[in-house]
Amino acid sequence: MSWNIEDARELYGVQRWGNGYFDINSDGDVVVQLRDGDSTVPVSLQKIIEGLADRGSAMPQLLRFRDLLDRRIEDLNESFLTAIKETSYQGSYRGVYPIKVNQQQQVIEEISEFGRKYNYGLEAGSKPELIAALAYMQDPNAYLICNGYKDDEFIDLALRAIQMGIRVIMVLEMPSELPAIIARSRALDIRPELGIRFRLSTKSEGHWAESGGDRSVFGLNSPQLIDAIDLLKSEGFLDCLTLFHYHQGSQLPNIRAIREAATEAVRVFVSLAQEGAPMEILDMGGGLAVDYDGSHSNFASSCNYSLKEYAANLIEVVQQHCDETNIPHPTLVTESGRAVVAYYSVLVFNILDVTRFSQPEEPAAPAKDAHDMLHNLWEIRNRIDRNDLQECFNDALFYRDQVRDLFRHGVIDLRARSAAEKIYWHVCTRIAAKAQLLDHIPEDLQTLQSNLIDFYYANFSVFQSLPDSWAIDQLFPIMPIHKLDTEPTHRAILADITCDCDGKVDRFINRDGTTTYLQVHDRQPGEEYNIAAFLVGAYQETLGDLHNLLGDPHVVSVGIEEGEIIYTHEVEGDSVADVLSYVEYDPKDLEKRFRNFAEKAVSKGKISAKQRKLIVDAYRNGLSGYTYYES
Ligand SMILES: *Cc1c(COP(=O)(O)O)cnc(C)c1O
C-alpha cells in the first residue's frame, strides 16, 4: 500500500481542526486557503518560508494571516445575524473583542476597520488596554466595554470618552467601584453608562472553569448585586444601568453548560429590568471554544458545538425567557476572543538535530572475537519471529545489562559497549514493530514502544511561543509542513532549545484522542525539515516569557494578491541586546566590559591585537543577532 496525501490528511487530522482554512496539496505541502479577490487560493506554507529565507529572514517565524482574522470576524457576526433572522429575535448582536487575547496593534486595527460593518467593538480589562482601545474606537455604534479594576484615572478617562461620543460602558467588578464612579461622575458632571458583572452559580467544564462560578474572583454575588441596585437607586443612578455581564471562563467545551449559564443569566437580566433599570444589553462574555484537536467533543481541547449552534442556542434561551416575562429582547454581546484570533497565527520552526532510539537498519555484526554477550544479543534477532516477544525482550535487557557490567569492570571497552547498545536498540525496534501486531500488547512492550520515540530538536521556545502547552498541557495541532507526499516513518517528541526539561512537546492530537509522539519523517543531518504549530493566535503571543533569554520570534503578515504572496508588517524578533536589556543589562556597557577584558588578554600576551578585533567583532555581532539558532 503506497502512501498518499489522503493518508497524511487523515493522520494529522488537518481537515478536522483546520476549519476549511488549512489543507495539504498534491506536492505534500500544508496550504492555507487565502482569499484573492473573489477566489480562494491555496498557498503553501513551505513556499512562504522559502520566500522569507530568500529575504534573509531566519527561523523560527510567526506567520499571521489577516484574511483568516477577517473571516472569523465575519463568521462570528454572520452566525448571530442569521440566528436572529431565523428566530425573529427582536434585538441585535454587537460583539466586542477582548483585547487581552491578542493585544497586537494589527489585530486591534483590523477589528476596528474590518469589523466596522458589524459595529464590532472592544473589551478592555485594564488601563493600558483602555488607552489602546480609545485610539481605535471610530464607530459611535460600537461598544467599548470596560471590565477589570478601575481607579479614578481609569474612570475619568472613560467618562470623558463618553462626552466625545464613544459608547463606553463601565462594568462593575467589585462593590467598591460603584461609589468611586458615582463620585467621579458628579465631579466631572458626566453621566456614566454602567454594567454589572455577576458570578453565576452554574458550574462549567474545561481548563478555565474557575473563572466562572461561586468562587470566581470576579463579579458581584447576589447579595452584592442587590446592594449595588439599592445604592444606584438611592444615589439616583439606576437609569445609568443598561448592561448585565457574566463570563463563564474560556474554552467552554460543552454546549449544555453554556445553555445552563445563559438561562441563569437571563433570569438575572430580567430581574434587573423588573427593578426598574433600563436594561438594554446582555453581555454573555467569552468562552466560545476552538476545536484544537478536531474531535468535535467535550474534551478540554475541543467543543461539541459549532459557531452556528452557539449563536442559535444563546438567542433561543434569551428569547424564550424574555418572552415569558414580557421583557424586550436585549442586544446580545459576546466577548469572544479565542474563537476570533486563534486561527490567525501559525508558528513555523525548523528541526536542528535528531536523537534516534529506534534503529530500523541492521547494525554491523559483532566481530568474531567480540565478547560472548555481544554475540548473544546479536542472536536474538534470529529468534524474534519464532519466540515469544516478551522473552526476546527479557533476554535483550539481560544481555545489555551484562554488557554494561562488563564495561564497569573494565572487561570490555567503550567501542564494544557502543556496538552492543546499537544492537540492543535494533532488537528493541524489531520487537516493538512485531508487538504492534498483537491483539494484546504486554505492559513491558508498551513501555518499550514509548522508549523508542526519537527526540527532534526544534528551533523555538515552548515558554515563549506555546506557553499554554507547557503551563496547562493545552493541545495544539502540530505537524510537518512539507514532505507529506511521503510516509512519516518515525515517532518523535519535540524538544525545544531552552535546555529546560519542561521545554518539550510530548502530547499530540490524533484520531482517537492524544498520543505521546508526533509522526515525523526521517531527517538526515543538515536536511531542512519544518514543523508548524497551528491555531496559536489566541493568548500565546503575550503570555510567553523569556526563559533562557530566548525572545520574540520574527513575525510577518502574509496575504495574496493576484496570485502572488505578499509579505507585510514584518517585525524583526528580539535581538540578544533586546532581551538582555529587558533584564537590566546595558548592551553598551556589556560591550565595553568585554573590550576591556580583551585588552587585558592582549597585554598579557594571550591574544594578539588583531585577534582582539575578531573577538570583539564576534561579540558585537552576537549582541545584535537573533536569539534563536541561526544556520
Ligand atoms: C478572557 C476574557 C474573555 C475572552 O474569553 P475567550 O474565551 O477568549 O473568548 C472575555 N471576557 C472576559 C471578562 C475575559 O476575562
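Residues numbered from 1 in each chain as written. Predicted model: local features only at pLDDT ≥ 70, side-chain atom pairs only at ≥ 80, totals over all residues. Heavy atoms only, no water.

### Let's talk about the overall build of the protein chain
- When helices and strands are counted, the protein chain shows 22 helices and 23 strands.
- Summarising its shape, the C-alpha atoms of the protein chain cover approximately 100 × 75 × 55 Å along the three principal directions.
- With 631 residues in all, the protein chain has 54% of them scored as buried.
- Looking at the protein chain as shown, the accessible area adds up to about 28400 Å², and 49% of this sits on carbon and sulfur atoms.
- Mean positive and mean negative side-chain charge positions of the protein chain (61 and 96 charges, respectively) differ by 5 Å. (Helix = DSSP H or I, 4+ residues; strand = E, 2+ residues; numbered from the N terminus. Buried < 20%, exposed > 50% of the residue type's maximum accessible area, 1.4 Å probe, protein only. Areas by Shrake-Rupley, 256 points an atom, 1.4 Å probe, with all protein chains shown as cover. Lys, Arg positive; Asp, Glu negative; His and termini not counted. Charge placed at Lys NZ, Arg CZ, Asp CG, Glu CD.)

### A look at the pairing of strand β23 (residues 564–571)
- Examined bridge by bridge, strand β22 (residues 554–561) and β23 share six bridges and lie antiparallel to one another. In the strand pairing of β23, I560 is matched with I565.
- Where β22 hands over to β23, the hairpin turn is made up of two residues, of which E562 adopts a positive phi near 50°. (Pairing = 2+ DSSP bridges.)

### Section: the sheet that holds strand β8 (residues 167–172)
- Taken in spatial order, the eight strands make up an open sheet running β5-β6-β7-β8-β9-β10-β11-β12, and their pairing is parallel. Two strands close off the open sheet at either side, each with one partner strand: β5 (96–98) and β12 (331–333). Sheet twist, expressed as the mean angle between neighbouring strand axes with direction ignored, is 25°.
- Here three bridges tie β5 to strand β6 (residues 121–124), and the two strands are oriented parallel to one another. Each residue of the ladder has a partner; that of Y97, found in β6, is L122. (Axes fitted to C-alpha atoms, helices over the stretch in contact; angles between N-to-C directions.)

### Notes on the site of the ligand
- Every one of the 16 residues lining the ligand counts as a neighbour, but K100, S250, E335, G337 and Y539 are closest to it.
- In this structure, G287 approaches the ligand through a main-chain N or O atom, which is 3.0 Å from an oxygen atom.
- Protein burial of the ligand: of its 390 Å² of free accessible surface, 92% is covered by the chains.
- The site holding the ligand turns out to be the largest pocket.
- Classifying every residue of the shell around the ligand by side-chain character gives three nonpolar, nine polar and four charged. (Near = heavy atom within 4 Å. Polar contact = N/O pair within 3.5 Å; in protein donor to acceptor, adjacent residues only side chain to side chain. 1 Å grid on protein atoms, 1.4 Å probe; cavity = no way out; pocket = protein on both sides within 12 Å on 5 of 7 lines; lining within 4 Å. Sits in = over half its atoms within 2 Å of the grid points. Nonpolar A, V, L, I, M, F, W, Y, C, P; charged D, E, K, R; others polar.)

### Re helix α21 (residues 587–603)
- Helix length check: α21, at 17 residues, gives a terminal C-alpha distance of 24 Å against a target of 24 Å (1.5 Å per residue), a fit within 8%.
- The complete set of buried residues in α21 reads L590, E591, A598 and A601. Seen from one end, α21 has its buried residues packed into an arc of 95°, which puts them on one side. Exposed residues lying more than 90 degrees from the buried face of α21 are K588, K592 and S603.
- The inward-facing, buried residues of α21 abut α20 (576–582) and α22 (609–624).
- The N-cap of α21, judged by a side-chain oxygen 3.0 Å from the amide nitrogen of K588 a few residues on, is D586.
- Two residues or fewer after α21 comes G605, characterised by a positive phi angle close to 80°. (Expected span 1.5 Å × (residues − 1). Arc of directions from axis to C-beta. Contact = heavy atoms within 4.5 Å.)

### Here we look at the pairing of strand β2 (residues 30–36)
- The buried count for β2 comes to six of seven residues, which makes it a mostly enclosed element.
- As defined by bridge partners, strand β1 (residues 22–24) adjoins β2 across three bridges and the pair is classed as antiparallel. Looking at β2, one finds that I24 is bridged to V30.
- Where β1 folds back onto β2 in an antiparallel hairpin, the turn is made up of five residues, including G28, whose phi is positive at roughly 85°.

### Some remarks on the layout of surface pockets
- In this structure, the largest pocket spans a volume of roughly 630 Å³.
- In this structure, the largest pocket is lined by 31 residues; those nearest its centre are K100, E123, F218, H247 and Y539.
- Where the lining of the largest pocket is concerned, the elements lending two or more residues are α12 (338–341) and α19 (540–543).
- When its residues are assigned to classes, the lining of the largest pocket shows nine nonpolar, 14 polar and eight charged. (Points joined across faces, edges and corners; volume = space filled by probe spheres on them.)

### Topic: the sheet that holds strand β3 (residues 39–44)
- Reading across from one edge, β1-β2-β3 is the order of the three strands in this open sheet, with antiparallel pairing throughout. Looking at the sheet topology across the chains shown, the edges are occupied by β1 and β3. Going across the sheet, the axis of each strand differs from the next one's by a mean of 40°, ignoring polarity.
- Together, β2 and β3 form the strand contacts of helix α3 (residues 45–54), whose direction differs from that of β3 by roughly 65°.

### Notes on the environment of G544
- Tracing the backbone shows G544 in the loop between α19 and β22.
- Under the relative-accessibility criterion, G544 is labelled partly exposed at 22%.
- Excluding residues that lie within four positions of it along the chain, G544 makes contacts with F463, Q464 and P467.

### Thoughts on empty space enclosed by the protein
- Counted according to the given criterion, the structure contains two cavities of 30 Å³ or more.
- Reported here for the second largest cavity is a volume of approximately 50 Å³.
- Of the residues assigned to the lining of the second largest cavity, the class counts are five nonpolar, two polar and one charged.

### What to know about the pattern of salt bridges
- Evaluation of the coordinates by the stated rule reveals 38 salt bridges.
- The salt bridge involving R383 is made with D395; its shortest N-O contact spans 3.1 Å. Placement of the pair is R383 in helix α13 (residues 372–383) and D395 in helix α14 (residues 389–408), with a sequence separation of twelve residues.
- What makes R383 buried here is its relative accessible area of 19%.
- Of the charged contacts in the structure, one is a salt bridge between D401 and R400, with a shortest N-O distance of 3.0 Å.
- Its relative accessible area of 36% is what places D401 among the partly exposed residues. (Salt bridge = Lys/Arg side-chain N within 4 Å of Asp/Glu carboxyl O.)

### Brief notes about a nonpolar patch on the surface
- Residues Y582, V583 and Y585 make up a contiguous nonpolar surface patch of roughly 300 Å² in combined accessible area.
- You can see V583 is positioned in the loop between α20 and α21.
- A relative accessible area of 40% places V583 in the partly exposed class. (Patch = residues over 30% accessible without salt bridge, like charges linked within 9 Å, V, L, I, M, F, W, Y side chains within 5 Å.)

### Examining helix α1 (residues 5–12)
- Turning to α1, its buried residues number three or more, namely I5, A8, R9 and Y12. Angular distribution of buried residues about the axis of α1 spans 100°; they occupy a single face of the element.
- In this fold, the buried residues of α1 make contact with α2 (14–17), β1, β15 (478–480), β18 (508–510) and β20 (518–520).
- Two or three places before E6, at the opening of α1, N4 has a side-chain oxygen 3.0 Å from that residue's backbone nitrogen.
- Positive phi shows up at G13, right after α1, with a value of about 65°.

### Concerning the packing of aromatic side chains
- Inspection of every chain in the model, using the stated rule, returns 20 aromatic pairs.
- With 5.2 Å between their ring centres and 85° between their planes, Y21 and Y343 make a pair best called edge-to-face. Here Y343 lies in the loop between α12 and β13 (345–355) and Y21 lies in the loop between α2 and β1, a separation of 322 residues in the sequence.
- Y343 sits in the buried class, given a relative accessible area of 4%.
- Where Y456 meets Y529, the ring centres are 6.3 Å apart and the plane angle is 70°; that geometry is what we call edge-to-face. Of this pair, Y456 sits in strand β14 (residues 454–458) while Y529 sits in the loop between β20 and β21 (530–533); the two residues are 73 residues apart in sequence, bridging distant segments of the chain. (Phe/Tyr/Trp six-rings, centres within 6.5 Å; stacked < 30°, edge-to-face > 60°.)

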